[in-house]
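A look at the structure
Single-letter residue listing:
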Amino acid sequence: MGVVIESDVWEPNHSVYILIFLSCFFSIFSLPYFTSSNRTPTVFDHSFPPSFLRFQRNFLLIYSLSSVLEGLWSAFGEFELVYYGVSREHMVLSLSVGFAATIFLGSFLGVLSDLIGHKKLCLTFCTLHLFVGIWKRLTPHPSVWLASICLSLTNSIFLFSFETWIVVEHDKLEQRQDTLNDMFWLMTFTESVSFIGSQMIGNWVVGLDVKQHIVSPSTAAALLAMICIISITRGWRESPSTAAFKEYRASFYAYIFGDKRIWLLAWAQTCVHFSIAVFWILWAPTIVADGREVHLGLIYPSLLGARMLGSTSYPWFVSGPLSLRTEDCLVYMFAISGLVLSIVAYDYQEIGVLVALFCVFHACIGLILPSLARLRTLYVPNELRGGMISLSLAPANAAVLFFLMQGGLYRDIANSTIIAFAAIGLLSASGCMHLLKQWGKQPGHNWHKS
């Protein structure tokens, strides 16, 4: 008699997606019913000038397309490398080369953006994506290293340039600070939705015949990049900074390096960037560690959905019925996310528990990102914002490079140890936010119109 062995395939319950969608819907559209009638306007109000509404729609469209570009390579980059027969060691080495490029080149792109204009850096972002898309489309076996360098630089630009651009343009339009705060969580929400959309686009263009359509994501990326370039070019005009490099450097030393509150804010940004990078590198190996087959493509949307839900809670905590000071909110969110990663690093958990913990982590990240953007608005001058963000990412990229080399190539450090370092960083960021609350400004005092 033959023995039938049933394959144990784990996948999340499909009702999770419905629950996340309904929770996001409730969080967004029920907020006005739980706030006082004299609350300041939100981004969904229609009482703003047409110029601002037009600017808002155009920017969110450009940011959505740019997020899809980033998501395409994030979702299908490793799959493409496996298809072309790239070994694990070469994958780790290509990642290391990319992070090295972000340290030596990407760290100073924010300064360049402040000096020449953020619109030009956003165009550079799209141009690099267009170059990589066309190059992969035309070349049968593209250079992994060159692609890794270009995409790592685009990721660096994506992390600071769009945020800085929206802040500068918002001030030019002389809108209330509340609308800018709403734009921050909308950007995080839109980014997560676009990442899920990029996965859907990639699955659709590849289809069932992988050999015939393996280059289709590259074609889609090239087309989206061209649409982004056209949209940015035909959009609003930008007045670049007139300050010379000497003046910029003097201001940077005075307002950034000379302010201990900015050091605390920069460290918090470093820790959250490091934890996110470590998560996306190690989440799949952590889940499949017990040898069971797992549909990672079904888990990926639930993680981003949790981040969407976290971002929709931002107005509830900032200006809604659960109103908290931003520093207090970040103290709790950093502590919770650090504890979650500590549990993951301490001991192996069942796959369902791991996915639940990862969802909690991403929900915290969805609230942390717009909150940090709001604090940067309070403490960092617009003229120095891009440089401050890009330089604060350098220590995180250096740490990721170190752990990639030691853990990925030489295998001297276990994955759990790397996750533990990410957890310690998040807990230290919680302490930094507590100190920032003690040393910071009074609420309502900032560099911008309130």
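Conventions and cut-offs
- Residues numbered from 1 in each chain as written.
- Predicted model: local features only at pLDDT ≥ 70, side-chain atom pairs only at ≥ 80, totals over all residues.
- Heavy atoms only, no water.
- Helix = DSSP H or I, 4+ residues; strand = E, 2+ residues; numbered from the N terminus.
- Expected span 1.5 Å × (residues − 1).
- Buried < 20%, exposed > 50% of the residue type's maximum accessible area, 1.4 Å probe, protein only.
- Arc of directions from axis to C-beta.
- 1 Å grid on protein atoms, 1.4 Å probe; cavity = no way out; pocket = protein on both sides within 12 Å on 5 of 7 lines; lining within 4 Å.
- Points joined across faces, edges and corners; volume = space filled by probe spheres on them.
- Nonpolar A, V, L, I, M, F, W, Y, C, P; charged D, E, K, R; others polar.
- Disulfide = S-S within 2.5 Å.
- Phe/Tyr/Trp six-rings, centres within 6.5 Å; stacked < 30°, edge-to-face > 60°.
- Lys NZ or Arg CZ within 6 Å of the ring centre and 35° of its normal.
- Salt bridge = Lys/Arg side-chain N within 4 Å of Asp/Glu carboxyl O.

Re helix 1 (residues 15-29)
The end-to-end C-alpha distance of helix 1, which contains 15 residues, comes to 21 Å, matching closely the 21 Å that a straight helix rising 1.5 Å per residue would cover. Every buried residue of helix 1 is listed here: Ile 20, Cys 24, Ser 27 and Ile 28. Buried residues along helix 1 cover an arc of 95° about the axis, so they all sit on one side. Summarising the geometry of helix 1, the exposed residues directed more than 90 degrees from the buried face are Ile 18 and Leu 19.

Notes on empty space enclosed by the protein
Per the stated rule, a full pass over the model turns up three cavities of 30 Å³ or more. Each pocket or cavity is described by its volume, and for the largest cavity that value is around 70 Å³. In this structure, the largest cavity is lined by Ser 275, Val 278, Phe 279, Leu 282, Trp 283, Thr 286, Leu 341, Phe 358, Ile 419 and Ala 422. Sorting the residues of the lining of the largest cavity by element identifies helix 11 (260-287) and helix 17 (415-439) as the ones contributing at least two each. Along the lines of polarity and charge, the residues of the lining of the largest cavity split into eight nonpolar, two polar and no charged.

Description of the state of the cysteines
Considering all chains together, one arrives at zero disulfides under this definition. Among the cysteines around Cys 122, which has no disulfide bond, Cys 126 carries the closest sulfur, lying 7.1 Å off. Looking at Cys 122, the relative accessible area reads 0%, which means it is buried. Left unpaired, Cys 228 is separated from the closest cysteine sulfur, that of Cys 126, by 4.4 Å.

Considering the packing of aromatic side chains
Enumeration over the complete set of coordinates arrives at 24 aromatic pairs. Geometrically, the ring pair formed by Trp 185 and Phe 189 is edge-to-face, given 6.3 Å between the ring centres and 75° between the ring planes. You can see Trp 185 and its partner Phe 189 sitting in helix 7 (residues 177-206), four residues apart, about one turn around the helix. Just as Trp 185 is buried, Phe 189 falls in that class too. Members of the aromatic cluster, joined through ring pairs, are Phe 55, Phe 59, Tyr 63, Phe 125, Phe 158, Phe 162 and Trp 165. The ring of Trp 439 is capped by Lys 260, whose NZ or CZ atom sits 4.3 Å from the centre of that ring.

Quick word on the pattern of salt bridges
Here the structure, examined in full by the defined rule, presents seven salt bridges. Residue Glu 191 pairs with Arg 307 through a salt bridge whose shortest N-O separation is 4.0 Å. With Glu 191 in helix 7 and Arg 307 in helix 12 (residues 296-312), the pair connects residues that are 116 residues apart, well separated along the chain. Taking the relative accessible area as the measure of exposure, Arg 307 reaches 4% and is therefore buried. A salt bridge links Asp 328 to Lys 437, with the nearest nitrogen and oxygen atoms 3.0 Å apart. Here Asp 328, found in helix 14 (residues 326-346), pairs with Lys 437, found in helix 17; they are 109 residues apart in sequence, far enough to count as distant.

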